[in-house]
Amino acid sequence: MVQLYRYLNEKETLSFFIINSKELVEDMRQVHETSTTATAALGRLSTMASLMGSEIKNEKERIILKIQGDGPAGLLVSEINYKGDIRSYIQNPKIDIPSVEGKPKLDVGGFVGHNGNLVVTRDLGFGQPYNGYTELVNGEIAEDFAKYFYSSYQMPTVVSLGVLVDVDYSVKSAGGLFIQALPNYDDEDLDMLESALKDFPAISSLFVEEENPQAVIEKYFKEFNPKLVGVDERRYKCSCNREKIEKLIISLGDEEVKEILEEEGKVEIKCSYCNKMYEFSEDEVKEIYDNVK
Ligand SMILES: [Zn+2]
C-alpha cells in the first residue's frame, strides 16, 4: 500500500494531489516484466491513475486511462477502481529504445510516440461510460494529461510524473504531483504557482532524496499554507476473478468457443492486466453455457 495525499491551499482555490508511487510501480514492473523504458512509460500512466482515483464515488465506478501512440510501446492502459486498486497493461512490455542522446533521460515520448490519442473513460458501473479524448502533445504522458485537463475543464492544471529505473531494472523512485485550479481561482494563485514550480525538481529525483510526500508539499508549497484534506490508499492489484472470465467466455460466443474446444480440448484465458492464467475444461465450459440458457 502507498498513500496518496490530498491538500488544499488556504484560500481553497487549488487542489494538490501527491504520491510516492515507487512500490506500486515496482509491483507493476514485476507483473509485466517491463523493459526500462516500458517501466517508465507504464509507471507514469499508473501513477496518473493513482492521482485521479479520488473522485470515484461509487463502488462500481472505474476510471480507465488509455494511450495509443505511434511509437513501439503500442497501447498503454491503466485503470483504478473504488478501492484504489490500480491495474495496467502495455502491448509491448519487452521492447526498449535508447535514451535521449546526450542525456541520461529515458525517451518515454519516443517510446509511446509523439502522435496519437489519450482517452479517459469514466465507467460508472451502469449505463454508457463517458469518454474524454485529446491528441497527444509529445507522448511524455504528463504534458498529455495537462492538455487533457485543460481542454476538458478549462482549468489550469499542473501534472508532474516521473519514474527512475535502477541499473538492476528495479524501480529506483516514482511519483506524481497533480495540481488543479478550482473554479474560484485567481491570477495571484497562478503567479504563486508559477514561482513555486520554478524551483520544483523532477519528481522522480525528488523522491530519491525525500520519500515522504508530505515533506515535499511543506518544502515546496509552503507559501500556500497547504492543509491536508485526505489520505487515500493505493496499490497495484488486479480485480480479475474466475466469474469475470466466465462472462468473457460467454461474450466470445458459442461458435468460437466450440472451435477452441475442438482444437485445444479446453479454454485457456490469460488476464492481460496480471498475466494470471484461467483454465476451463470442456465440462466447465458446458456448464457455463448451460447456466446462461
Ligand atoms: Zn488479472
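Residues numbered from 1 in each chain as written. Predicted model: local features only at pLDDT ≥ 70, side-chain atom pairs only at ≥ 80, totals over all residues. Heavy atoms only, no water.

Some remarks on the overall build of the protein
Step number 1: Of regular secondary structure, the protein possesses 10 helices and 12 strands.
Step number 2: The C-alpha radius of gyration of the protein comes to 21 Å, within 12% of the 19 Å expected for a compact globule of 293 residues.
Step number 3: Seen along its three principal axes, the alpha-carbon backbone of the protein occupies a region of about 65 × 45 × 35 Å.
Step number 4: Here the protein holds 293 residues, and 49% of them are scored as buried.
Step number 5: Looking at the protein alone, contacts between residues at least 24 apart form 64% of all its contacts between residues at least 6 apart.
Step number 6: Entry remark: accessible area of the protein is about 14,900 Å², with carbon and sulfur atoms responsible for 47%.
Step number 7: Each charge class in the protein was averaged separately, 33 positive and 52 negative side chains, and the resulting centres sit 3 Å apart. (Helix = DSSP H or I, 4+ residues; strand = E, 2+ residues; numbered from the N terminus. Rg over C-alpha atoms; globule rule 2.2 N^0.38 Å. Buried < 20%, exposed > 50% of the residue type's maximum accessible area, 1.4 Å probe, protein only. Contact = heavy atoms within 4.5 Å. Areas by Shrake-Rupley, 256 points an atom, 1.4 Å probe, with all protein chains shown as cover. Lys, Arg positive; Asp, Glu negative; His and termini not counted. Charge placed at Lys NZ, Arg CZ, Asp CG, Glu CD.)

Looking at the coordination of the zinc ion
Step number 1: Within the protein, the zinc ion binds to Cys238 (SG), Cys240 (SG), Cys271 (SG) and Cys274 (SG); these donor distances fall in the range 2.2 to 2.3 Å.
Step number 2: Every donor counted, the 4 donor atoms about the zinc ion form angles of 102 to 115° at the centre, which fits tetrahedral coordination.
Step number 3: Motif for the zinc ion, donor spacing along one chain: C-x1-C-x30-C-x2-C. (Donors = N, O, S within 2.8 Å, 3.2 Å for Na, K, Ca; no water. Tetrahedral: all angles 85-135°; square planar, octahedral: opposite > 155°, others 65-115°.)

Some details on the packing of helix α1 (residues 22–32) against helix α2 (residues 36–52)
Step number 1: Put simply, α1 and α2 touch, their axes get as near as 9 Å, and they point 130° apart. Accordingly, the angle class assigned to the pair α1 and α2 is oblique. The crossing of α1 and α2 is right-handed. Between α1, through Leu24, Val25, Met28, Arg29 and His32, and α2, the contact on the second element is made entirely by Thr39, Leu42, Gly43, Ser46, Thr47 and Ser50.
Step number 2: Residues that form the contact of α1 with α2 fall into these classes: 4 nonpolar, 6 polar and 1 charged. (Axes fitted to C-alpha atoms, helices over the stretch in contact; angles between N-to-C directions. Parallel < 35°, antiparallel > 145°, perpendicular 65-115°, else oblique. Left-handed = near helix turned anticlockwise from the far one by under 90°. Nonpolar A, V, L, I, M, F, W, Y, C, P; charged D, E, K, R; others polar.)

Observations regarding helix α7 (residues 213–220)
Step number 1: Burial in α7 covers these residues: Pro213, Val216, Ile217 and Tyr220. What you see down the axis of α7 is that its buried residues fit within an arc of 95°, all on one side.
Step number 2: Structurally, the start of α7 carries an N-cap: the backbone nitrogen of Gln214 is 3.0 Å from a side-chain oxygen of Asn212. (Arc of directions from axis to C-beta. Polar contact = N/O pair within 3.5 Å; in protein donor to acceptor, adjacent residues only side chain to side chain.)

What to know about a negative patch on the surface
Step number 1: Negative charge collects at one region of the surface, where Asp254, Glu255, Glu256, Glu259, Glu262, Glu263, Glu264, Glu282, Asp283, Glu287 and Asp290 lie side by side.
Step number 2: Sorting the residues of the negative patch by element identifies α9 (254–264) and α10 (282–292) as the ones contributing at least two each.
Step number 3: Of the residues forming the negative patch, the biggest block, 7 residues, is contributed by α9.
Step number 4: Considering the arrangement of structural elements, one finds Asp254 in helix α9.
Step number 5: Given a relative accessible area of 48%, Asp254 falls into the partly exposed group. (Patch = residues over 30% accessible without salt bridge, like charges linked within 9 Å, V, L, I, M, F, W, Y side chains within 5 Å. Salt bridge = Lys/Arg side-chain N within 4 Å of Asp/Glu carboxyl O.)

So, the pattern of salt bridges
Step number 1: Within the structure shown, the criterion is met by 17 salt bridges.
Step number 2: As a salt-bridge pair, Lys11 and Asp186 come within 3.1 Å of each other at their nearest N and O atoms. You can see Lys11 sitting in the loop between β1 (2–8) and β2 (14–20) and its partner Asp186 sitting in the loop between β9 (171–181) and α5 (187–198), a full 175 residues away along the chain.
Step number 3: Owing to a relative accessible area of 38%, Lys11 belongs among the partly exposed residues under this scheme.
Step number 4: Using a relative accessible area of 29% as the deciding quantity, one classes Asp186 as partly exposed.

With respect to the domain arrangement of the protein
Step number 1: Split into domains, the protein comes out as domain 1 (2–236) and domain 2 (242–292).
Step number 2: Centre-to-centre, using C-alpha coordinates, domain 1 lies 35 Å away from domain 2.
Step number 3: Each partner contributes to the interface: domain 1 provides 8 residues, whereas domain 2 provides 4 residues.
Step number 4: Across the interface of domain 1 and domain 2, roughly 510 Å² is buried in total on both sides, 55% from carbon and sulfur atoms.
Step number 5: The interface formed by domain 1 and domain 2 contains 0 salt bridges. (Domains from an automatic or database assignment. Buried area = accessible area lost by both parts, 1.4 Å probe.)

Points about the environment of Leu14
Step number 1: Secondary-structure assignment places Leu14 in strand β2.
Step number 2: Taking the C-alpha atoms as reference points, Leu14 and Gln3, separated by 11 residues in sequence, lie 20 Å from one another.
Step number 3: Excluding anything up to four places from it in sequence, Leu14 contacts Tyr7, Leu8, Asn9, Gln180, Ala181, Leu182, Asp189, Leu193 and Phe224.

Remarks on unusual backbone geometry
With the exception of glycine, most residues fall at negative phi, and the peptide bonds are largely trans.
Step number 1: Even without being glycine, Ile141 reaches a positive phi, approximately 80°.
Step number 2: Position of Ile141 relative to the elements: it lies in the loop between β7 (130–135) and α4 (142–153).
Step number 3: Residues other than glycine seldom take positive phi values, yet Asn275 does so here, at roughly 65°.
Step number 4: Tracing the chain through its elements places Asn275 in the loop between β11 (266–270) and β12 (277–281).

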